[in-house]
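If you want the building blocks of each chain, they are given just below.
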Amino acid sequence: MTLRPSPTLDEHPDRILWNEKYRRGRDPDPTFAPHPWIVEILDDPHLPDGPVLELASGPSGTALALARARPVTAIDVSDVALAQLAAESVRRGLRHQLTLLHTDLTRWTPTGPDYALVSCCFFWSTTVFRQACRAVAPGGVLVWEVPVSTPQHPSHVPPRWCARPEEPASLLPADFTVHRHEDLPRGTEMSRRLVARRHSGHGDEGGAGGGQR
């Protein structure tokens, strides 16, 4: 797999920031451990057939784990992170299952409701969230985990990268059902995880982790 960094991102501040972090200590030797929610998603009998989309993927173990069963597209602004992911996918014999897209998510537009699963962890933009909802296929699942900051658990990330109260669930289109919307500890900080399913149009809204919010 050959990764071709986008020349239009050469001077992009986020590309520079995250490339430096991945090169020098944020994740210099990735473990490629998948996110823990992957087990219940893969065990969900209602998840439709189809590919997976992971936004702000970094060198994602989740993308690699999902690629064992489905085609996966991973998008990130850091070509260093994507190169790490590409190398690991080759090592695991999964390169044919993985498509890497080097782009600025704030400029990304989905082609349509093409993905059985769309996931994003520890990146937040209301614009990107709304676009991601458009990418979920009927019956498909959206998983999003985002930092939150509270007086009891202040976040170290800037406020613009944290969800407001009731986000992201409050931003879902009407044709989604919320199955989880919960705050989870991450060391001394907190994150919020959303699991939601897009209506299939066939009266089936089960799975994806059980009951309503």
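Residues numbered from 1 in each chain as written. Predicted model: local features only at pLDDT ≥ 70, side-chain atom pairs only at ≥ 80, totals over all residues. Heavy atoms only, no water.

**Student:** Looking at this structure, I do not really get the confidence of the model for the protein. What am I missing?
**Tutor:** A low pLDDT means the predicted coordinates there should not be read in detail. Here the protein averages 88 in pLDDT, and 90% of its residues register 70 or above. Per-element confidence in the protein is highest for strand E1 (residues 52–55), whose mean pLDDT is 98, and lowest for helix H1 (residues 13–24), whose mean pLDDT is 87. Per-residue pLDDT stays below 50 along residues 205–213; that stretch engages in 28 contacts with residues further than four places along the chain or on separate chains. (pLDDT = per-residue confidence, 0-100. Helix = DSSP H or I, 4+ residues; strand = E, 2+ residues; numbered from the N terminus. Contact = heavy atoms within 4.5 Å.)

**Student:** Before we go on, may I ask you to explain the sheet that holds strand E3 (residues 98–102) in this structure?
**Tutor:** Paired through backbone hydrogen bonds, the strands of a sheet run either parallel or antiparallel to each other. The seven strands lie next to each other as E3-E2-E1-E4-E5-E7-E6, forming an open sheet whose pairing is mixed. A single partner strand is all that each edge strand has here, and the edge strands are E3 and strand E6 (176–186). For this sheet, the mean angle separating the axes of adjacent strands, direction not counted, is 15°. With four bridges connecting them, E1 and strand E4 (residues 115–121) associate as parallel partners. Following the sheet pairing, Val52 is matched in E4 by Leu117. Strand contacts of helix H4 (residues 79–91): strand E2 (72–76) and E3, with the helix running at about 170° to E3, the strand carrying the most contacts. (Pairing = 2+ DSSP bridges. Axes fitted to C-alpha atoms, helices over the stretch in contact; angles between N-to-C directions.)

**Student:** How should the packing of aromatic side chains be read in this particular structure?
**Tutor:** Aromatic rings considered in pairs are described by the distance between their centres and by the relative angle of their planes. Here the structure, examined in full by the defined rule, presents four aromatic pairs. Across the ring face of Trp18, the terminal group of Lys21 is positioned such that the distance to the ring centre comes to 5.9 Å. The ring of Phe122 carries Arg186 above its face, with NZ or CZ at 3.9 Å from the centroid. (Phe/Tyr/Trp six-rings, centres within 6.5 Å; stacked < 30°, edge-to-face > 60°. Lys NZ or Arg CZ within 6 Å of the ring centre and 35° of its normal.)

**Student:** Is there a simple way to explain the environment of Leu194 in this structure?
**Tutor:** Take Leu194: it is sitting in strand E7 (residues 189–198). Assessed through its relative accessible area of 0%, Leu194 is described here as buried. Among all residues touching Leu194, those that are not within four sequence positions of it are Phe129, Leu142, Val143, Trp144, Pro168, Ala169, Leu172, Val178, Arg180 and His181. (Buried < 20%, exposed > 50% of the residue type's maximum accessible area, 1.4 Å probe, protein only.)

**Student:** What am I meant to see in the packing of H1 against H4 here?
**Tutor:** Helix-helix packing: each pair is described by the crossing angle between the helix axes and the interaxial distance. At a minimum axis distance of 7 Å, the contact between H1 and H4 shows a crossing angle of 45°. In terms of orientation, H1 and H4 fall into the oblique class. Packed against H1, whose contacting residues are Arg15, Asn19, Tyr22 and Arg23, the element H4 presents Asp79, Val80, Ala81 and Gln84 at the interface. Classifying every residue of the contact of H1 with H4 gives three nonpolar, two polar and three charged. (Parallel < 35°, antiparallel > 145°, perpendicular 65-115°, else oblique. Nonpolar A, V, L, I, M, F, W, Y, C, P; charged D, E, K, R; others polar.)

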